[in-house]
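# A look at the structure
Residue-level listing of the chains:
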Amino acid sequence: MKLSVPGRTAAAAVIAVAGLLTTSAISSAAPTSASPTTSREAAAAPDIPVANVKAHLSELQSIASANGGNRAHGSAGYKASIDYLKGKLDEAGFTTSVQEFTAGGDTGYNLIADWPGGDEGKVVMAGAHLDSVSEGPGINDNGSGSAAILETALTVAREKYKPTKHLRFAWWGAEEMGMVGSSDYVEKLPAADRSKISGYLNFDMLASPNSGYFVYDDDPAIEKTFKDYYAGQNISTEPDDEGDGRSDHAPFKDAGVPVGGLFSGAETTKSAAQAEKWGGTAGEPFDKCYHSSCDDESNLDATALDRNSDAVAYAVWGLSA
């Protein structure tokens, strides 16, 4: 998650001088099955194995450790992160594309993965930023969101899910510089294609060690979907105020796309009332390692990661049916 809203102004300036979008797509045929899971047959989203999400986070940690301790925009660690995700998605049968942009004099990359099938006039899109800050490996911010949607996408493939709507997943670059990658994508997407996105779901920091359960309150239908999931788990939620406008949903919202998402808290201090209903420690930040070198594999609440990963799938299944 980027540090402050004013960074968006800088991002706009960067994008204005950005190079032309370069897209390379690697396509593969949709998996076939004698009895595919259709949206009409799926009564509920499958459970997302948190062990698999943690395995992706371990890989991102290893990538950071091998590349100067971070996965920041313009670094070898970021490019290796893109390559890791793309390999998993290609193998699973997604149609992937790596889209280039320029920020701060360095080439940045967005990774887009489309699941073959579904009504391409109605697209449900889930995204997360993949870059870290230069100070650390970015395992909660935002390896957690990136890994959760990666495992959700891989579960779509394992289940041979056939949704009514078209599913698209995205991992954004240079979010920490002011949402540059997602802004570039939205600006260069033709208006007709933007209008086909029925909802963009954003996942930025899902496993803060002193976790809260915050739901974006931008689009009522998307918000209700997430709140229904948490109500079914007997978990109280609050609207996301701390992260509002500070992550990759903002360019989509500004372009008129319905948006929603989840957040587990960053540098803001947890109140006594929040600690009473969610557990954790009042008077301490939701993530004391926010934008620091200690945002590593130890900087995670496994329970929040598990619950929030399942919430991602619940929304992807529910909104694409």
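A few points on the structure. Keep in mind it's a predicted model, so treat the numbers as computed, not measured.

### Side note on the overall build of the chain
Counting secondary structure elements, the chain contains ten helices and eleven strands. By sequence separation, contacts in the chain at least 24 residues apart represent 79% of the contacts at least 6 residues apart. Entry remark: accessible area of the chain is about 12,000 Å², with carbon and sulfur atoms responsible for 50%.

### With respect to the environment of Q233
Locating Q233 in the fold gives a position in the loop between α7 (220–232) and β10 (238–239). Owing to a relative accessible area of 43%, Q233 belongs among the partly exposed residues under this scheme. Each C-alpha atom, one on Q233 and one on R307, is 8.7 Å from the other, the two residues being 74 residues apart in sequence.

### What about the side chain of K270?
Of note, K270 is situated in the loop between β11 (259–263) and α9 (272–278). The side chain of K270 is buried and forms no salt bridge, while D301, the nearest opposite charge, is found at 6.8 Å. Looking at K270, its side chain comes within polar contact range of the main-chain oxygen of N210, at 3.1 Å. Side-chain polar atoms of K270 contact the backbone oxygen of G279, separated by 2.8 Å. Those residues in contact with K270 that lie beyond four places of it in its chain are N210, S211, A275, W278, G279, G280, T281, A282, G283, E284 and F286.

### Structural notes on the packing of helix α2 (residues 50–65) against helix α3 (residues 76–92)
Where α2 meets α3, the closest approach of the two axes is 9 Å, and the angle between their N-to-C directions is 150°. The orientation of α2 with respect to α3, classified from their angle, is roughly antiparallel. Considering only the axes of α2 and α3, their crossing is right-handed. Counted together, H56, E59, L60 and I63 of α2 and G77, A80, S81, Y84 and L85 of α3 form the full contact between these two elements. Among the residues forming the contact of α2 with α3, the class breakdown is five nonpolar, three polar and one charged.

### Section: the pattern of salt bridges
One pass over the full model with this rule turns up ten salt bridges. A salt bridge links D114 to R168, with the shortest nitrogen-to-oxygen separation between them at 2.8 Å. Placement of the pair is D114 in strand β4 (residues 106–115) and R168 in strand β7 (residues 165–172), with a sequence separation of 54 residues. Comparing D114 with R168 shows no difference in burial state: the two are buried. Across the pair D184 and K188 runs a salt bridge whose closest N-O atoms are separated by 3.2 Å. Highlighted residues: D184 and K188, both in helix α5 (residues 180–188), separated by four residues, approximately one helical turn.

Reading guide: rules and limits
Residues numbered from 1 in each chain as written. Predicted model: local features only at pLDDT ≥ 70, side-chain atom pairs only at ≥ 80, totals over all residues. Heavy atoms only, no water. Helix = DSSP H or I, 4+ residues; strand = E, 2+ residues; numbered from the N terminus. Contact = heavy atoms within 4.5 Å. Areas by Shrake-Rupley, 256 points an atom, 1.4 Å probe, with all protein chains shown as cover. Buried < 20%, exposed > 50% of the residue type's maximum accessible area, 1.4 Å probe, protein only. Lys, Arg positive; Asp, Glu negative; His and termini not counted. Salt bridge = Lys/Arg side-chain N within 4 Å of Asp/Glu carboxyl O. Polar contact = N/O pair within 3.5 Å; in protein donor to acceptor, adjacent residues only side chain to side chain. Axes fitted to C-alpha atoms, helices over the stretch in contact; angles between N-to-C directions. Parallel < 35°, antiparallel > 145°, perpendicular 65-115°, else oblique. Left-handed = near helix turned anticlockwise from the far one by under 90°. Nonpolar A, V, L, I, M, F, W, Y, C, P; charged D, E, K, R; others polar.

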